[in-house]
Amino acid sequence: MTVGTERVGALFAQTYGGEPAGLWRAPGRVNLIGEHTDYNEGFVLPFAIDRATTVALSPRDDRVVRLVSTFDDRVVESDLGRVASRDFDGWAAYPLGVAWAFGERAVDLSRVHGFELAIDSDVPVGAGLSSSAAIEMAVAVALDEVWGTGLDRTALARIGQRAENIAVGAPTGIMDQAASVFGEADAAVFLDCRSIAVEQVPLGFDAAGLVLLVVDTRVEHSHATGGYRDRRDACERGARELGVTALRDVTVDDLPGAEQVLDDIVFRRVRHVVTEDARVQESVAALKAGDLAAFGRLMYASHDSMRDDFEISVPELDAVVEAARAAGAIGARMTGGGFGGCAIALLPGGDAAGLADRVLRDFADRGWTAPVPFTVVPSEGARALR
Ligand code: GAF
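Please read these numbers as outputs of a predicted model, since none were measured by experiment.

The rules behind each value
- Residues numbered from 1 in each chain as written.
- Predicted model: local features only at pLDDT ≥ 70, side-chain atom pairs only at ≥ 80, totals over all residues.
- Helix = DSSP H or I, 4+ residues; strand = E, 2+ residues; numbered from the N terminus.
- Rg over C-alpha atoms; globule rule 2.2 N^0.38 Å.
- Contact = placed C-beta atoms within 7 Å.
- Domains from an automatic or database assignment.
- Nonpolar A, V, L, I, M, F, W, Y, C, P; charged D, E, K, R; others polar.
- Pairing = 2+ DSSP bridges.
- Near = placed C-beta within 6 Å.
- Core = buried A, V, L, I, M, F, W, Y, C linked by C-beta atoms within 7 Å.
- Buried ≥ 20, exposed ≤ 12 C-beta atoms within 10 Å, placed from the backbone.
- Axes fitted to C-alpha atoms, helices over the stretch in contact; angles between N-to-C directions.
- Parallel < 35°, antiparallel > 145°, perpendicular 65-115°, else oblique.
- Left-handed = near helix turned anticlockwise from the far one by under 90°.
- Expected span 1.5 Å × (residues − 1).

Student: Tell me about the overall build of the chain, and please be specific about residues and values.
Tutor: Along its length, the chain carries 12 helices and 13 strands. Taking 21 Å as the expected radius of gyration for a compact globule of 386 residues, we find that the chain reaches 21 Å, a close match to that expectation. Seen along its three principal axes, the alpha-carbon backbone of the chain occupies a region of about 60 × 50 × 40 Å. For the chain, the share of sequence-separated contacts (at least 6 apart) that also reach a separation of at least 24 residues comes to 71%.

Structure (structure tokens):
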């Protein structure tokens, strides 16, 4: 038993009494490359990390729903009628949003049983490692089992995305939920966000003596407000003005023509997405060929594009990437939606502690909040634990 399962089991027993019917676990993610491409129907290459949300759940024989979590010791009481009318708020919107989305797509909420749920997570919140998708997908695999809906992984990811978009109100794509359900040990999830075709790409970082260092800058971001929505609007405007369904349909060769018709800001947003889609495809080819140096160059190029064209980086993220470059890391970039959160660096295992120290010193010299460096490994996706 891991600490997470013990903790959530104890919380369940203390809150509701007795043992849960089951335990389910779903991971957060880092994205190796392919940022702000998912809602443009393009390509992404995330992997599920070894930090996850664990839920303990038992069905009830009435329509009552009770929730408790280790982030808030208040027990939330509701019922499936209120869930069906989307009557919930606060952190409960993540798990109950999933139940609501099941009602929209897969079950009749007036015919299924309520449940008791306890939630624990070791995915840092607000750090851009998809703590919200981890909750959504852990609850989704649990409800799928106890309600007997038998949905496939793509349908579960869509339910999680729907909860995030409508119940939580963040206009995100499907990458985070897909990474959480399709993750596999030692592999990245290459996802075509138009067809939802998935290919697990072996990474072999461990065999090559490499690690992926994450640096949480502690600059908090939110996707329900501000910059994320603004970037998405600019991409949709670019697609409209170029007469395509989504920016996925624009190629690198189309960019000179696009520059003639789009205003400067929209053009630079479009150029990021179009070149990023190309970088994801080149990354998959490089990883399959075992050319990690080429993959690392694409990571740096992706960061430059996010800093200069998409303008979603912040000085703290740039500082981590520059420290990684100076320390000779194979590749580095910010990961996730931007405006804060984490940067990642791929480097030999023996160099990780040195880079972490360098970043800590650098942040201290600039008077910034101390960042949190840690390594992650590509791990298995959402599943039942027993
Ligand atoms: C966030 C969103 F949730 C994803 O859908 C994706 O758009 C990402 O930002 C940027 O690539 O994680």
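From this point on, the discussion continues.
Student: How would you sum up the environment of Arg 63? Please name residues and give values.
Tutor: Tracing the chain through its elements places Arg 63 in the loop between strand E3 (46-59) and strand E4 (64-69). For the pair formed by Arg 63 and Val 219, sequence separation is 156 residues and the distance between their alpha carbons is 40 Å. Apart from residues no more than four positions distant in its own chain, Arg 63 is found in contact with Asp 79, Leu 80, Gly 81 and Gly 114.

Student: Provide a residue-level description of the domain arrangement of the chain, including the pertinent values.
Tutor: For interface size, the figure often reported is the accessible area lost on association. By domain assignment, the chain separates into domain 1 (3-200 + 380-384) and domain 2 (203-376). Put simply, the middle of domain 1 and the middle of domain 2, counted by C-alpha atoms, are 26 Å apart. The interface is formed by 32 residues belonging to domain 1 together with 38 residues belonging to domain 2. Elements supplying a minimum of two residues to the side of domain 1 that touches domain 2: strand E1 (22-31), strand E2 (43-44), E3 and strand E7 (187-192). Across the side of domain 1 that touches domain 2, the residue classes break down as 16 nonpolar, 10 polar and 6 charged.

Student: Help me get a handle on the pairing of strand E5 (residues 72-79), residues and values and all.
Tutor: Strand direction decides the pairing type here: E4 and E5, joined by 5 bridges, are antiparallel. From the neighbouring strand, Ser 69 faces E5, where its bridge partner is Asp 72. Taking the residues between adjacent antiparallel strands as the criterion, E4 and E5 are bridged by 2 residues.

Student: How would you sum up the site of the ligand? Please name residues and give values.
Tutor: Close to the ligand lie 12 residues, the nearest being Glu 35, Thr 172, Gly 173, Met 175 and Gly 337. Broken down by class, the residue content of the shell around the ligand amounts to 2 nonpolar, 7 polar and 3 charged. Each of two domains, domain 1 (3-200 + 380-384) and domain 2 (203-376), supplies a minimum of three residues to the shell around the ligand.

Student: An account of the nonpolar core is needed here, citing residue identities and associated values.
Tutor: In this structure, Val 55, Ala 138 and Leu 213 are the most contacted members of the largest nonpolar core, which totals 109 residues. When residues of this core are assigned to their parent elements, the largest contribution, 10 residues, is made by helix H4 (residues 131-146). The two domains that each donate at least three residues to this core are domain 1 (3-200 + 380-384) and domain 2 (203-376). Every residue in contact with Val 55, bar those within four places of it in the chain, is listed here: Val 8, Trp 24, Leu 117, Ala 118, Ile 119, Ala 138, Val 139 and Ala 142. Counting residues in hydrophobic clusters, the runner-up holds 10 residues, among them Val 250, Leu 262, Val 270 and Val 274.

Student: Any details on the packing of helix H3 (residues 93-105) against helix H5 (residues 153-168)? Residues and values, ideally.
Tutor: Packing of H3 against H5 leaves a shortest axis separation of 8 Å and a crossing angle of 115°. The orientation of H3 with respect to H5, classified from their angle, is roughly perpendicular. Crossing geometry of H3 relative to H5 is assigned as right-handed. Across the interface between the two elements, Ala 93, Tyr 94, Gly 97, Val 98, Trp 100, Ala 101, Phe 102, Glu 104 and Arg 105 of H3 pack against Ile 159, Gly 160, Arg 162, Ala 163, Ala 167 and Val 168 of H5. Each residue belonging to the contact of H3 with H5 can be placed in one class, and the counts come to 10 nonpolar, 2 polar and 3 charged.

Student: Can you tell me about H3, naming the residues and giving the values?
Tutor: Here H3 spans 17 Å end to end across 13 residues, near enough to the 18 Å set by a 1.5 Å rise per residue. When we look at burial in H3, the residues that qualify are Tyr 94, Pro 95, Leu 96, Gly 97, Val 98, Ala 99, Trp 100, Ala 101 and Phe 102. For H3, the elements touching its buried residues are E4, E5, helix H2 (80-84), strand E6 (115-121), H4 and H5.

Student: So what's going on with helix H11 (residues 315-326)? Which residues, and what values?
Tutor: Taking 1.5 Å of rise per residue, the 12 residues of H11 would be expected to cover 16 Å, and the 16 Å separating its terminal C-alpha atoms lies within 8% of that figure. As for H11, its buried residues are in contact with strand E9 (210-216), helix H10 (292-308), strand E10 (331-335), strand E11 (342-348) and helix H12 (352-365). Among the residues trailing H11, Gly 328 stands out with phi positive, at a value near 80°.

Student: Residues and numbers for the sheet that holds E3, please.
Tutor: The strand order E5-E4-E6-E3-E1-E13 describes an open sheet built from 6 strands, whose pairing is mixed. The sheet is open, and its two edges are formed by E5 and strand E13 (383-384), each paired on a single side. Pairing between E1 and E3: 9 bridges, direction antiparallel. Looking at E3, one finds that Asn 31 is bridged to Pro 46. This element, H4, spans E1, E3, E6 and E13 of the sheet and lies at about 145° to E1.

Student: How would you sum up the sheet that holds E11? Please name residues and give values.
Tutor: What the 4 strands build is an open sheet, ordered E10-E11-E9-E12; its pairing is antiparallel. Only two strands of the sheet have a single partner each, and these edge strands are E10 and strand E12 (372-376). Averaged over all pairs of adjacent strands, the angle between their axes in this sheet comes to 25°, without regard to strand direction. Inspection of the sheet shows E9 paired to E12 by 5 bridges, in the antiparallel sense. Its bridge partner being in E12, Leu 213 is matched across the sheet by Thr 375. Contacts from H12 reach E9, E11 and E12, with the element oriented near 20° to E9.

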